[in-house]
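One letter stands for each residue in the lines below.
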Amino acid sequence: MPLLPSGFALPSLPYLLGLLVAGAATAVLLYLRRPAVTEDTVAALAPWMAGGGALYAIYQDGAVPPGVAPLFSSPAVYLTTGILAGIVLVLVADRPSEGWHPTTTPGILAITGITVLLSGATAGYLNAVDRGVDVEVGITLGILLGTLVSAAVVWVLLSRLRPGAVEASGSVGLLAVFGHALDGVSTAVGYDLLGFGEQTPLSRVIIEAGGALPTAELIGAGWLFVLVKLVLAAVVVAVFEAYIREEPTEGYLFLGLITAVGLGPGAHNVVLFAIA
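Scope of this entry: the structure provided in the associated data block. Just so it is clear, the structure is predicted and the values come from calculations on it, not from any experiment. (Residues numbered from 1 in each chain as written. Predicted model: local features only at pLDDT ≥ 70, side-chain atom pairs only at ≥ 80, totals over all residues. Heavy atoms only, no water.)

Attention now moves to the side chain of N127. In this structure, N127 sits in helix α5 (residues 105-130). Ignoring anything within four residues of it in the chain, the contact list for N127 reads D61, G62 and A63. (Helix = DSSP H or I, 4+ residues; strand = E, 2+ residues; numbered from the N terminus. Contact = heavy atoms within 4.5 Å.)

Right under this line is the structure:
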C-alpha cells in the first residue's frame, strides 16, 4: 500500500529550488525577528491554513496560470502559503502580539489570510462559471453545518470532562477540533454522497473499514472516519494541556501545526466539491 497521498508530487527542480531557498530565507528572518507566538497569533494563522487548501483545489481545477501552477501543487502549495504567511509575520513582528485590532499582529495575519482564502475561492468560482459548472452552494453549507454541530458537541464534552485543557488551549484548541471536524465531515460527504475517492492511504483504510460494517447501507462508510478525527482531535487537545501551560510558545505552535493538518485538507475538500 502506498504511503503518500495520490497527487503528491514535487514540482520541477527550478520551482523546488526556488521554494527551498525562499523557505530557508523566511525561516532565517523569523529566527532573527523572533515574533511572539501567542494564542492569538497562532489562531490568526487559521485563514492561511484554509487558504492553502483552497489554492490546491483551484490548482486541481485548472484555475491557476501555468507559469505559477507548480507552486500550487501538493505539497508545494503548503510551503508556498507558509512562506507568504511567514513574510507577513516578519513584517509585523514588532506589533502587539495579542488582540484582534487591524493594527496588531493577529489582526493583520487574519486579514491577509482571509484575503488569500477568498481570492482562491473566488478564482475557483469564476473558473467554474466560465466552464458552465453549477457551483454547489448547498453542499458547502451542509458540510459547514455538519462541521459546526460535530465540533460544538466535542467542545462541550471537552469543557465538561477536561475543562483545564479547554482553558489552556483556548481558541487554538477550538480551531484544532473544528479543523479536523471539517476534514472528517467533508471527506465523508465527498466519499458517500459525491463519489470522490480518498487520496490519503491511511484515511482510505479507515473509510473502507467503515464500509465493511453493517451500518454502511444505512449511513454510509465515512462516519467512522468522522468519529476517528473527532476523537483524535479531542485527545490531542486534552494531552496538550500540560505542554501549553509549561511551554506556551511551543505548545501553541505545535497545536497550530496539528490544526493545519485538518483545516487545510478540509478547506480543500469544501472548495473542490463546490466547483468540481
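Attention now moves to the packing of aromatic side chains. Evaluated as defined, the whole model comprises four aromatic pairs. Both rings, one in F196 and one in F273, keep their centres 4.6 Å apart while their planes meet at 40 degrees; by these two values the pair is tilted. On the criterion of sequence distance, the pair formed by F196 in the loop between α7 (163-192) and α8 (201-211) and F273 in helix α11 (residues 248-275) is long-range, its members being 77 residues apart. Look at F196 and you get partly exposed, because its relative accessible area is 27%. (Phe/Tyr/Trp six-rings, centres within 6.5 Å; stacked < 30°, edge-to-face > 60°. Buried < 20%, exposed > 50% of the residue type's maximum accessible area, 1.4 Å probe, protein only.)

Attention now moves to helix α1 (residues 13-33). Because an α-helix packs 3.6 residues into every turn, residues spaced three or four apart end up facing the same way. Its 21 residues place the ends of α1 30 Å apart at the C-alpha level, agreeing with the 30 Å of an ideal helix rising 1.5 Å per residue. Among all positions in α1, only L19, G23 and T26 are buried. Mapping the buried residues of α1 onto a view down its axis gives an arc of 65 degrees, with all of them on the same face. Turned more than 90 degrees off the buried face of α1, the exposed positions are L13, P14, V21, Y31 and L32. In this structure, the buried residues of α1 make contact with α4 (76-91). (Expected span 1.5 Å × (residues − 1). Arc of directions from axis to C-beta.)

This part covers the nonpolar core. Core analysis: the largest hydrophobic core is formed by 58 residues, its most contacted members being I143, L158, V177 and V237. Within the residue set of this core, elements represented by two or more residues are α2 (39-44), α3 (46-60), α4, α5, α6 (137-161), α7, α10 (223-246) and α11. Broken down by element, this core gets its largest block of residues, eleven residues, from α7. The contact partners of V237, leaving out residues within four places of it in the chain, are W155, L158, A165, S169, G173, A176 and V177. Counting residues in each nonpolar core, the second largest holds five residues, with I206, A221, L224 and F225 among its members. (Core = buried A, V, L, I, M, F, W, Y, C linked by side-chain atoms within 4.5 Å.)

On the surface, a nonpolar cluster with roughly 510 Å² of combined accessible area is contributed by L145, V149, V153, L157 and L161. Within the element layout of this structure, V153 appears in helix α6. On the basis of relative accessible area, V153 is assigned to the partly exposed category, the value being 48%. (Patch = residues over 30% accessible without salt bridge, like charges linked within 9 Å, V, L, I, M, F, W, Y side chains within 5 Å. Areas by Shrake-Rupley, 256 points an atom, 1.4 Å probe, with all protein chains shown as cover. Salt bridge = Lys/Arg side-chain N within 4 Å of Asp/Glu carboxyl O.)

Let us look at α7. Between its first and last C-alpha atoms α7 spans 35 Å; for 30 residues at 1.5 Å apiece the expected length is 44 Å, and the helix comes up short by more than 12%. Taking burial as the measure, the 30 residues of α7 include 22 buried ones, the bulk of the element.

Another aspect to go through is the packing of α3 against α11. Two elements in contact, α3 and α11, have axes separated by 7 Å at closest approach and are oriented at 40 degrees. The pairing of α3 with α11 is recorded here as oblique in orientation. Considering how the two elements wind past one another, α3 and α11 form a crossing that is right-handed. For the pair α3 and α11, contact is made by A46, M49, A50, G53, A54, Y56, A57, I58 and Q60 and by G256, T259, A260, L263, G264, A267, H268, V271, L272 and I275, respectively. Residues belonging to the contact of α3 with α11 are distributed by class as follows: 13 nonpolar, six polar and no charged. (Axes fitted to C-alpha atoms, helices over the stretch in contact; angles between N-to-C directions. Parallel < 35°, antiparallel > 145°, perpendicular 65-115°, else oblique. Left-handed = near helix turned anticlockwise from the far one by under 90°. Nonpolar A, V, L, I, M, F, W, Y, C, P; charged D, E, K, R; others polar.)

Each packed pair of helices is defined by two parameters, the angle between the axes and the distance between the axes. The interhelical angle for the contact between α7 and α10, taken along N-to-C directions, is 160 degrees, at an axis separation of 8 Å. The angle between the axes of α7 and α10 places the two elements in the roughly antiparallel class. As for the relative orientation of α7 and α10, their crossing is right-handed in sense. Split by residue class, the contact of α7 with α10 holds 14 nonpolar, six polar and five charged.

Let's shift gears to the environment of V77. Mapped onto the secondary structure, V77 falls in helix α4. Given the relative accessible area of 0%, V77 is considered buried. Spatially, the C-alpha atom of V77 lies 6.3 Å from that of Y56, the residues being 21 residues apart in sequence. With sequence-adjacent residues up to four places away left out, V77 is seen in contact with G52, L55, Y56, L71 and F72.

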